[in-house]
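Here is what each chain is made of, one letter per residue.
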Amino acid sequence: MDDNSLTNYLKAQKKLKQISETTLLELFSPLLKTEQETLIQNILSIEVKYFLKQKACFSQEPPIIPDIKSYKSLTPSGSEEKCQLGLKAASSGKCGAILIAGGQGSRLGHAGPKGTFPITPVFHKSLFQIFCERVKQASEKANYDLPLAIMTSPSNDSLTRRFFAQHQYFGLKESQISFFVQSQIPLLDFEGHLFLNEKKQIAQGPDGNGNLFKEFKKQGLLKEWTDRGIEYLNLVLVDNPLADPYDFELFGELITSQADLSMKTCPRLSPKEKVGIIVSQHKKPIVIEYHEIPNTAHFNEEPAANLGLFALTSAFANQCASLELPLHKVPRKALRFDFEVQKVIQPLKPNCWKFEAYLFDIFPYSTKSTVISYQREKIFCPLKNKEGDFSPNSVRKSLTAIGIQ
Ligand code: UTP
């Protein structure tokens, strides 16, 4: 080892001691020099403070959220006045949309970013194409080139950018589109330890959509948009082809209610449906994710689904950029390098925990938030799984039912 490699090795060794993961050192000696260097760089990129937060989350059950009641103050959708108000704000350059596309899409198992999945039943348009076409239509209506920022992750960023460039930004001007990248953090096996997904690579996954505003600010976009006069942001998740990046009614709701956050909901199909619920805490709407919903009759009856559709003010987004949100753990399947057989193993069932910060954990920090109820068929049919509910087949059926080809 030369001096530089030795220094890095010693730093990596120190870091592994700090996070009690020294067994990883045993894997070093059989590796080639270049492989060792990659692994060392991987170890050095681990942020100790955040990793210890992951370990704490690993060993704890999700906290019981106190003072929960049903959320009853739903505003019905269908206000033409709000639509007009939203359109006026967009026409004067006060609105922006963010497409959240940093997820791994591991359940869907599509080779490539989820947004590239050809989802419409007849024309096989990708999710990205659908959203861009909606931004184009909204821009024509508003007579203003509306912007779209896309959050990617280190593993899908270059593929996503390439897809947009190859398709000439689906009719949008290149200047309307910006990209920013979220971070990745290690996955932990069911014993709570780091593992490798290739001989020299620590298994990692995107750190959830909750650090969106942190990255949006850090990468300069929040300032750029605020300087341009953008006061209102609408967020959509890449996996819901019915989400509208420029939902004028939701912008209008945010403006009229003078809230810092407005969201859309629709009824859950059943207590078994894998969607989070919107409930009330201290008279404000908050979300409990589906796998953390306590199994009691009271929660089973909660009807309002969290659809991940919401708009907020840029001022509140700025405030959210400095929040330290909690982590949540989700079981996932991930490739694992087995040193005994010297092979990458593809698991058949979940074999690790992924740790994520969730965007909806910003909700309790708003001073005022409102919820509009919509018809489910028009706004929600997410693509999550390979088969069954929320799969390409079920999504295509929902799209066909409302005439999307
Ligand atoms: P999900 O958590 O439902 O799905 O993301 P996923 O991560 O895409 O896929 P799985 O869980 O591995 O199967 C909901 C939304 O949040 C985004 C996704 O892109 C999707 O729009 N997301 C999720 C991120 O942007 N970053 C993340 O780290 C996680």
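No experiment lies behind these values; they were computed from the predicted model shown.

Draft legend 1. A look at the overall build of the protein chain. Within the protein chain, the regular secondary structure consists of 13 helices and 20 strands. Expressed as lengths along the three principal axes of its C-alpha atoms, the size of the protein chain is roughly 70 × 50 × 40 Å. Counting every position in the protein chain, which comprises 405 residues, the buried fraction comes to 53%. Contacts spanning at least 24 positions in sequence make up 78% of the contacts within the protein chain whose residues lie at least 6 apart.

Draft legend 2. Structural view of the site of the ligand. Around the ligand, the structure places 22 residues, and the nearest of them are Ile 100, Ser 106, Gln 182, Gly 208 and Lys 384. The separation between an oxygen atom of the ligand and a polar main-chain atom of Ile 100 is 2.8 Å. Taken together, the residues that form the shell around the ligand break down as six nonpolar, eight polar and eight charged.

Draft legend 3. View of empty space enclosed by the protein. Applying the stated rule across the entire model yields three cavities of 30 Å³ or more. When its volume is computed, the largest cavity comes out at roughly 40 Å³. Along the walls of the largest cavity sit Met 1, Ser 5, Lys 33, Gln 36, Glu 37 and Ile 40, which together make up its complete lining. Top element by residues in the lining of the largest cavity is helix α2 (residues 33-44). It accounts for four residues. Residue classes in the lining of the largest cavity are distributed as two nonpolar, two polar and two charged.

Draft legend 4. The arrangement of the sheet that holds strand β7 (residues 188-189) in detail. Pairing is antiparallel in the open sheet, where three strands are placed in the order β7-β19-β16. At either end of the open sheet lies a strand with only one pairing partner, and these are β7 and β16 (328-332).

Draft legend 5. Structural view of the side chain of Thr 160. Position of Thr 160 among the secondary structure elements: in helix α6 (residues 157-166). Leave out the neighbours within four places in its chain, and Thr 160 touches Pro 113, Phe 128, Thr 152 and Phe 179.

Draft legend 6. Region of interest: the packing of aromatic side chains. Taken as a whole and assessed by the stated rule, the structure comprises 15 aromatic pairs. When the ring of Phe 128 is compared with that of Phe 164, the centres are 4.9 Å apart and the planes differ by 55°; the resulting orientation is tilted. Residue Phe 128 is located in helix α5 (residues 127-142), and its partner Phe 164 is located in helix α6; the two are separated by 36 residues in the primary sequence. In this structure Phe 128 comes out as buried when scored by relative accessible area, which is 1%. Aromatic pair Phe 190 and Trp 353: ring centres 5.5 Å apart, planes at 65°, arrangement edge-to-face. Pair noted here: Phe 190 is in the loop between β7 and β8 (196-198) and Trp 353 is in strand β19 (residues 352-356), with a separation of 163 residues, a long-range link.

Draft legend 7. Main features of the nonpolar core. In this structure, Ile 98, Leu 194, Phe 213, Leu 312 and Ile 362 are the most contacted members of the largest nonpolar core, which totals 63 residues. Ranked by residues supplied to this core, first place goes to helix α3 (residues 48-59) with four residues. Here Ile 98 is in contact with Ala 149, Phe 180, Leu 212, Phe 213, Phe 216, Trp 225, Leu 233, Asn 234, Leu 235 and Val 236, once residues within four sequence places are set aside. Within the second largest apolar cluster, 54 residues are counted, among which are Val 135, Ala 138, Leu 146 and Phe 170.

Draft legend 8. The arrangement of the packing of helix α4 (residues 80-91) against helix α9 (residues 248-257) in detail. Taken N-terminus to C-terminus, the directions of α4 and α9 make an angle of 90°; their axes are 7 Å apart at the nearest point. If you check the angle between α4 and α9, you find them roughly perpendicular. Between α4 and α9, the residues in contact are Lys 82, Cys 83, Leu 85, Gly 86, Leu 87, Ala 89 and Ala 90 and Phe 248, Glu 249, Phe 251, Gly 252, Glu 253, Ile 255 and Thr 256, respectively. Within the contact of α4 with α9, the residues separate by chemical class into eight nonpolar, three polar and three charged.

Draft legend 9. Representation of the layout of surface pockets in the model. By volume, the second largest pocket amounts to about 1,000 Å³. Lining the second largest pocket we find 40 residues, and of these Gln 104, Gly 105, Ser 106, Arg 107 and Lys 333 sit closest to its centre. Broken down by secondary-structure element, the contributors of at least two residues to the lining of the second largest pocket are β9 (201-202), β10 (204-206) and β16. Broken down by element, the residue count for the lining of the second largest pocket peaks at three residues, all from β16. When its residues are assigned to classes, the lining of the second largest pocket shows 16 nonpolar, 18 polar and six charged.

Draft legend 10. Fine view of unusual backbone geometry. Of note, the phi angle at Gln 168 is positive, near 45°, even though the residue is not glycine. Given a relative accessible area of 57%, Gln 168 falls into the exposed group.

Draft legend 11. Structural view of the pairing of strand β4 (residues 148-152). Most of β4 sits inside the fold, with five of its five residues counted as buried. Every second residue of β4 is oriented toward a common face, with Leu 148, Ile 150 and Thr 152 on one face and Ala 149 and Met 151 on the other, all of them buried. Each parallel crossover has a hand, and the one from strand β3 (residues 95-100) via α5 to β4 is right-handed. In this sheet, strand β5 (residues 177-181) lies alongside β4 in parallel orientation, the contact comprising five bridges. From the neighbouring strand, Thr 152 faces β5, where its bridge partner is Val 181. What joins β4 to β5 is α6, and the crossover it makes is right-handed.

Draft legend 12. Summary view of the environment of Pro 118. Here Pro 118 shows up in the loop between β3 and α5. On the basis of relative accessibility, which here comes to 34%, the residue Pro 118 falls in the partly exposed class. Considering only alpha carbons, one finds Pro 118 and Ala 138, 20 residues apart in sequence, at a separation of 22 Å. Apart from the residues within four sequence positions on either side, Pro 118 is in contact with His 124, Lys 125, Ser 126 and Arg 396.

Cut-off values and rules
Residue numbering note: each chain is counted from 1, following its sequence as written. Residues qualify for local features only when their pLDDT is at least 70, as the model is predicted, and side-chain atom pairs are given and counted only at 80 or more; totals for whole chains, interfaces and linings, by contrast, use all residues. With hydrogens and water excluded, all non-hydrogen atoms of the structure serve as input to the side-chain values. By definition, any uninterrupted DSSP run of H or I lasting at least four residues is a helix, any uninterrupted run of E lasting at least two residues is a strand, and each is numbered from the N terminus. Buried, partly exposed and exposed residues are distinguished by accessible area as a fraction of the type maximum, computed with a 1.4 Å probe on protein chains only: under 20%, between the cut-offs, and over 50%, respectively. Any pair of residues with heavy atoms lying within 4.5 Å of one another is described as a contacting pair. Think of it this way: one heavy atom of a residue within 4 Å of a molecule or strand is enough to make that residue near it. By the criterion applied in these results, polar contacts are pairs of N or O atoms within 3.5 Å in which, for protein atoms, one can donate a hydrogen and the other can accept it, and in which residues neighboring in sequence qualify only through two side-chain atoms. For this scheme, ten residues count as nonpolar: Ala, Val, Leu, Ile, Met, Phe, Trp, Tyr, Cys and Pro. Four count as charged, namely Asp, Glu, Lys and Arg, and the remainder, Gly too, count as polar. Of the two site types, the cavity is a set of points on a 1 Å grid over the protein atoms alone where a 1.4 Å probe fits but cannot get out, and the pocket is an open set with protein on both sides within 12 Å along at least five of seven lines, each lined by residues with an atom within 4 Å of a point. Grid points are joined across faces, edges and corners, and a volume is the space filled by probe spheres set on the points. When DSSP locates at least two bridges between a pair of strands, those strands are taken to pair. Pairing of aromatic side chains requires ring centres within 6.5 Å, counting the rings of Phe and Tyr and the six-membered ring of Trp. Pairs whose planes differ by under 30 degrees are stacked, by over 60 edge-to-face, and all others tilted. Only buried Ala, Val, Leu, Ile, Met, Phe, Trp, Tyr and Cys residues count toward a nonpolar core, and they belong to the same one when joined by side-chain atoms within 4.5 Å. Between the N-to-C directions of two axes lies an angle of 0 to 180 degrees, each axis being a line fitted to C-alpha atoms and, for a helix, fitted only over the stretch in contact. For classification, angles of less than 35 degrees are called roughly parallel, those exceeding 145 degrees roughly antiparallel, those between 65 and 115 degrees roughly perpendicular, and all remaining angles oblique. Crossovers are marked right-handed if the path from the first strand over the helix to the second runs clockwise, as seen with the strands pointing away from the viewer.

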